[in-house]
Amino acid sequence: MYKMEVPEIPNLIYYAIPFFILTLIIEIIVSAKEKVNVYETKDAITSITMGLGNVLLGIISKGIVFTILIIIYNNLKFFTIPFVWWAWVLIIILEDFAYYWFHRISHENRFFWASHVVHHSSQKYNLSTALRQTWTGSFLSFVFWLWLPLLGFHPVMILAQMSISLIYQYWIHTELITKLPNWFEAVLNTPSHHRVHHATNPQYLDRNHAGIFIIWDKWFGTYEPEIEKPIYGLTENIGSFNPLFVAFHEWIELFKDAFTSNISLSKRLLYFIKPPGWKHDGTGKISNDLRKEWENKKGE
């Protein structure tokens, strides 16, 4: 029986850390020289702390995720896709497609938002913001990638491409790069596209979920170009630099909303399914409501 040789691919995130540190220092120096107020000490420290926690917890979560992926691959795969060049091209596209839907649903479903909100909790936008990562999401988000081992992609290839995607998305967290050539902006995710994603301006809410390729947003109706200057953070900012609060505040609020009100079981469950901001009594506002309000005011 043919046995595919599986290459040893190291954790690319670990190798990228020196690059992260170097570019972070360069951005701080350049922004200070140009007197651009993109950094706040407490905010940057919080972001870096969240990133370190994510890396440490990733040691556990990656082991769990790899085990689940390998079980699916060994027992349920439809094909066996080898480690060849065309497979890497294919996994870049398909993994990014999976990332788009994970990212989009993380904004449209409060259960996944409870983890993802961490990344949006900074009111600054710089390379340290890219490091502000969830401590819980890695244990939950992998479900969006389970179809890839079913197709026959080896878990080593899947996890390697997931790391490549995260490394790519690091550099787009900056205000020092304005616009790139039109051909680049048309196909790939850029700082301009991603600034929109992090903005709280009503027209920018829940837009530009791309990882590497912005084409997914253009095809599925979630694309918005950067025109008005972005205002970063959350629609209701948390006002805290405490890493524990940043990591778990939305989980606490979610369970409070679901279990402290005298409501039916079905309504309790809806808090985990509906978008952030939804309330069982109709008093909450979700991003679509805020966008519609902005459109109505603009049309007046």
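Right, let's walk through the structure included here. (Residues numbered from 1 in each chain as written. Predicted model: local features only at pLDDT ≥ 70, side-chain atom pairs only at ≥ 80, totals over all residues. Heavy atoms only, no water.)

## Looking at the overall build of the protein chain
Piece 1. Within the protein chain, the secondary structure is distributed over 13 helices and zero strands.
Piece 2. Rg of the C-alpha trace for the protein chain: 20 Å, near the compact-globule value of 19 Å for 300 residues, within the 12% margin.
Piece 3. Judged by the C-alpha coordinates and their principal axes, the protein chain covers about 70 × 55 × 40 Å.
Piece 4. Of all 300 residues assigned to the protein chain, the portion counted as buried reaches 48%.
Piece 5. Contacts in the protein chain between residues far apart in sequence, at least 24 positions, make up 72% of those at least 6 positions apart.
Piece 6. For the protein chain, the exposed surface amounts to about 15600 Å²; the carbon and sulfur share of it is 66%.
Piece 7. Both charge centroids of the protein chain, one from 25 positive and one from 25 negative side chains, sit 2 Å from each other. (Helix = DSSP H or I, 4+ residues; strand = E, 2+ residues; numbered from the N terminus. Rg over C-alpha atoms; globule rule 2.2 N^0.38 Å. Buried < 20%, exposed > 50% of the residue type's maximum accessible area, 1.4 Å probe, protein only. Contact = heavy atoms within 4.5 Å. Areas by Shrake-Rupley, 256 points an atom, 1.4 Å probe, with all protein chains shown as cover. Lys, Arg positive; Asp, Glu negative; His and termini not counted. Charge placed at Lys NZ, Arg CZ, Asp CG, Glu CD.)

## Points about the packing of aromatic side chains
Piece 1. Inspection of the entire model under this criterion finds 26 aromatic pairs.
Piece 2. Consider the rings of F111 and F112, whose centres lie 5.2 Å apart with planes at 85°: the pair is edge-to-face.
Piece 3. Among the aromatic residues, those joined into a ring-pair cluster are F97, Y100, W101, W147, W216, W219 and F220.
Piece 4. A cation sits over an aromatic face here: K77 above Y73, 4.4 Å from the ring centre.
Piece 5. Sitting over the ring of Y223, K218 keeps its end group 5.1 Å from the ring centre. (Phe/Tyr/Trp six-rings, centres within 6.5 Å; stacked < 30°, edge-to-face > 60°. Lys NZ or Arg CZ within 6 Å of the ring centre and 35° of its normal.)

## Points about the packing of helix α3 (residues 85–108) against helix α4 (residues 110–120)
Working note: a packed helix pair is described by the angle between its axes plus the distance between those axes.
Piece 1. Contact pair α3 / α4: the axes reach a minimum separation of 7 Å and the direction vectors enclose 100°. Looking at the two axes, α3 sits roughly perpendicular to α4. Two secondary-structure elements touch here, α3 through H103, I105, S106, H107 and E108 and α4 through R110, F112, W113, H116 and H120. (Axes fitted to C-alpha atoms, helices over the stretch in contact; angles between N-to-C directions. Parallel < 35°, antiparallel > 145°, perpendicular 65-115°, else oblique.)

## Observations concerning helix α1 (residues 12–33)
Piece 1. In a regular helix each residue adds 1.5 Å, so 22 residues correspond to 32 Å; α1 covers 32 Å between its end C-alpha atoms and thus fits that length.
Piece 2. P18 marks where α1 bends most, by close to 30°.
Piece 3. Burial in α1 covers these residues: I13, A16, F20, T23, L24, E27 and S31.
Piece 4. The inward-facing, buried residues of α1 abut α2 (41–76), α5 (127–131) and α7 (155–170).
Piece 5. Phi for K35, located one or two positions after α1, is positive at around 55°. (Expected span 1.5 Å × (residues − 1). Bend = angle between axes of the 7 residues up to and from the residue.)

## Some points on a nonpolar patch on the surface
Piece 1. Taken together, the side chains of Y14, Y15, I17, I21, I25, I29, L56, I59, I60, I64 and F139 define a hydrophobic patch exposed on the protein surface, amounting to about 1100 Å² of accessible area.
Piece 2. Of all the secondary structure elements, the ones that give two or more residues to the nonpolar patch are α1 and α2.
Piece 3. Considering every element that reaches the nonpolar patch, the biggest residue donor is α1, with six residues.
Piece 4. Locating I21 in the fold gives a position in helix α1. (Patch = residues over 30% accessible without salt bridge, like charges linked within 9 Å, V, L, I, M, F, W, Y side chains within 5 Å. Salt bridge = Lys/Arg side-chain N within 4 Å of Asp/Glu carboxyl O.)

## A closer look at the pattern of salt bridges
Piece 1. Within this structure, the stated rule accounts for eleven salt bridges.
Piece 2. Note that E175 is salt-bridged to K229, the shortest N-O span being 3.9 Å. With a gap of 54 residues between them, E175 in the loop between α7 and α8 (182–187) and K229 in the loop between α10 (215–220) and α11 (243–259) connect regions that are remote in the sequence.
Piece 3. On the accessibility criterion, E175 (25% relative accessible area) is partly exposed.
Piece 4. In this structure, a network of salt bridges that share partners links the residues R110, E250, D257 and K279.

## Looking at the side chain of S122
Piece 1. Residue position: S122 is located in the loop between α4 and α5.
Piece 2. Judged by its relative accessible area of 2%, S122 falls in the buried class.
Piece 3. One polar contact links S122 to D43, side chain to side chain, over a distance of 2.8 Å.
Piece 4. Within polar-contact distance, the side chain of S122 engages the backbone nitrogen of K124 at 3.0 Å.
Piece 5. Not counting residues up to four positions away in its chain, the partners in contact with S122 are D43, T129, R132, Y232 and G233. (Polar contact = N/O pair within 3.5 Å; in protein donor to acceptor, adjacent residues only side chain to side chain.)

## A short note on unusual backbone geometry
Piece 1. The phi angle at D206 is positive, at roughly 55°, despite the residue not being glycine.
Piece 2. Looking at the secondary structure, you find D206 in the loop between α9 (191–197) and α10.
Piece 3. For D206, a relative accessible area of 15% corresponds to the buried category.
Piece 4. The phi angle at N208 is positive, at roughly 55°, despite the residue not being glycine.

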